[in-house]
Structures are given as C-alpha cells and as structure tokens.
Amino acid sequence: DTNCDNNEDDATTRVNTPIPTYTMTGKVYQDDGPQNSSYDGDSEAGLAGWTVFIDEDESNSLNGEELSTESDSNGDYQFTGLLAGCYTVREVLQSNWTQTEPIEALDFEYNVSVGGAICNSDQDLLTQISELFVKTANAAVSTTATTGLDFGNVPQGCTSNCGGGGGGSSGGGS
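Keep in mind that what you see is a predicted model, and the values were worked out from it rather than measured.

Draft legend 1. Main features of the overall build of the protein. Across its full length, the protein carries two helices and nine strands. For the protein, the proportion of its 174 residues judged to be buried stands at 32%. Looking at the protein as shown, the accessible area adds up to about 10300 Å², and 48% of this sits on carbon and sulfur atoms.

Draft legend 2. The arrangement of the packing of aromatic side chains in detail. Enumeration over the complete set of coordinates arrives at four aromatic pairs. Between Y77 and F79 the ring centres are 6.0 Å apart and the planes differ by 70°, which places this aromatic pair in the edge-to-face class. In terms of burial, Y77 and F79 fall into one category: buried. When the ring of Y77 is compared with that of F151, the centres are 6.1 Å apart and the planes differ by 50°; the resulting orientation is tilted. On the criterion of sequence distance, the pair formed by Y77 in strand β4 (residues 76-82) and F151 in strand β9 (residues 151-155) is long-range, its members being 74 residues apart. With a relative accessible area of 4%, Y77 lands in the buried category. In this structure an aromatic cluster arises from ring pairing among Y77, F79, Y110 and F151.

Draft legend 3. Representation of the pairing of strand β5 (residues 85-91) in the model. Within β5, six of the seven residues are buried, leaving the element largely enclosed by the surrounding structure. Across three bridges, the pairing between strand β2 (residues 51-54) and β5 is antiparallel. Bridged to V52 within β5 is E91.

Draft legend 4. Representation of the pattern of salt bridges in the model. All told, the structure shown has three salt bridges when counted by the stated rule. For D76, the salt bridge identified is with K27, shortest N-O distance 2.9 Å. Linking D76 in strand β4 with K27 in strand β1 (residues 22-30), this pair joins segments that are 49 residues apart in sequence. By relative accessible area, D76 is classed as partly exposed at 31%. The exposure class of K27 is buried, given its relative accessible area of 11%.

Draft legend 5. Geometry of the pairing of β2. Residues of β2 alternate between two faces, with T51 and F53 on one and V52 and I54 on the opposite face, all of them buried. Bridge count for β2 against strand β3 (residues 68-70) is three bridges, and the pairing is antiparallel. If you follow V52 over to β3, its bridge partner there is T69.

Draft legend 6. Layout of the nonpolar core. Formed by 17 residues in total, the largest nonpolar core has its most connected members in M24, Y77, F79 and V89. Ignoring anything within four residues of it in the chain, the contact list for Y77 reads M24, T25, G26, K27, V28, V52, T69, E70, S71, V89, L149 and F151.

Draft legend 7. The confidence of the model for the protein, seen in detail. When pLDDT is averaged along the protein, the result is 74; 63% of the residues meet or exceed 70. Contacts from residues 123-141, a stretch scored under 50 in pLDDT, to residues over four places away or in other chains number 13 contacts. Across residues 165-174, confidence stays below pLDDT 50; counting only partners more than four residues off in sequence or on other chains, it has zero contacts.

Draft legend 8. Here's a closer look at the sheet that holds strand β6 (residues 97-101). Ordered by their spatial adjacency, four strands build an open sheet running β4-β1-β9-β6, and the pairing between neighbours is mixed. Looking along the sheet, the strands with just one partner apiece sit at the ends: β4 and β6. Looking at each pair of strands side by side, their axes are set apart by 25° on average, direction ignored. When β6 meets β9, the two strands line up antiparallel, connected through four bridges. Paired with T98 across the strands is V154, a residue of β9.

Basis of the calculations
Residues numbered from 1 in each chain as written. Predicted model: local features only at pLDDT ≥ 70, side-chain atom pairs only at ≥ 80, totals over all residues. Heavy atoms only, no water. Helix = DSSP H or I, 4+ residues; strand = E, 2+ residues; numbered from the N terminus. Buried < 20%, exposed > 50% of the residue type's maximum accessible area, 1.4 Å probe, protein only. Areas by Shrake-Rupley, 256 points an atom, 1.4 Å probe, with all protein chains shown as cover. Phe/Tyr/Trp six-rings, centres within 6.5 Å; stacked < 30°, edge-to-face > 60°. Pairing = 2+ DSSP bridges. Salt bridge = Lys/Arg side-chain N within 4 Å of Asp/Glu carboxyl O. Core = buried A, V, L, I, M, F, W, Y, C linked by side-chain atoms within 4.5 Å. Contact = heavy atoms within 4.5 Å. pLDDT = per-residue confidence, 0-100. Axes fitted to C-alpha atoms, helices over the stretch in contact; angles between N-to-C directions.

Set out below in structure tokens:
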C-alpha cells in the first residue's frame, strides 16, 4: 500500500509540471528599399492591422481554425502560448501591395522550429523543385529564431524609395 501511495504522488507531481510554451514575434512593415528585402529599423514604418497566421494545413491561405493575429499600431505582431513544434508563418497580403520579405523564392513564408522540434520544412517543395534548390532554400527559410519574423511590403508598382516619407516627390531638377 505504501508503494501505491508513492506512485500516486509521483503521478500527481508529473501532471502538475507546467508544459513550456513559446512566443513568436515579428513586424509587418512598409519596405522603403524593396531591393534589400529586410527590415531596416526605424526608417521603415510598421503597417497596422495586417493579419499574420500559422498556416497549419499548408494551403498558403488563412482558413478554418488556423491561429492568426493582427499587427498593432507599430506593425508588431506576436503569437504566444505556442507548444514546441514546427510552424509555417505567413501574412495575408492586402490588395494593391506586393510582399518583399520573406522573398518569393522562399514561398513568402517562414518555417520555424520552436522548442527544439526537428522539422522537415517545405515537404511540398520536394515534389516541385530539385533537391539542390530545396537544400539551399531550406537553409535560408528554416529557422529556430522566434523573433524577427518580419514581413516586408510595398505598394504595387513601387521599385525604390517606397517608404512614403520625406517629401513625397520623385525625381529632381534637371
């Protein structure tokens, strides 16, 4: 009887042990230099009200019960309370905008390994693209980072100086 009581105590202790959770964060921003496809800090304005989601079914669109969040007034977003695992993070592109980060060659998404999970990112690419390219793409897009998962965007047709600040005129005198 004493052994059974001890086993019950051990089981209770295990059940009450908290499961670690994780947070992923990033920024949705207006890319003022779409050629570099990366967030350049305070010189690039955050975009408020953009939807970022975890694409659980790999459909490239937000649907069903997929976890989503909106960027705040600074363009910042976060997912909290995530369990260890593999996540594909995407944004919902708004009309009249073009996404610049992550780049098109990487399917405009981040494949994130959280909490030490071992992930086979972009399994669907294996059937579409040569193995060499997949290895190269996965090295660039797969990450264990849970911060800095940024989404850059420019108004359609913009090719340079897309930030929208500082004077509003293009070109110079002749």
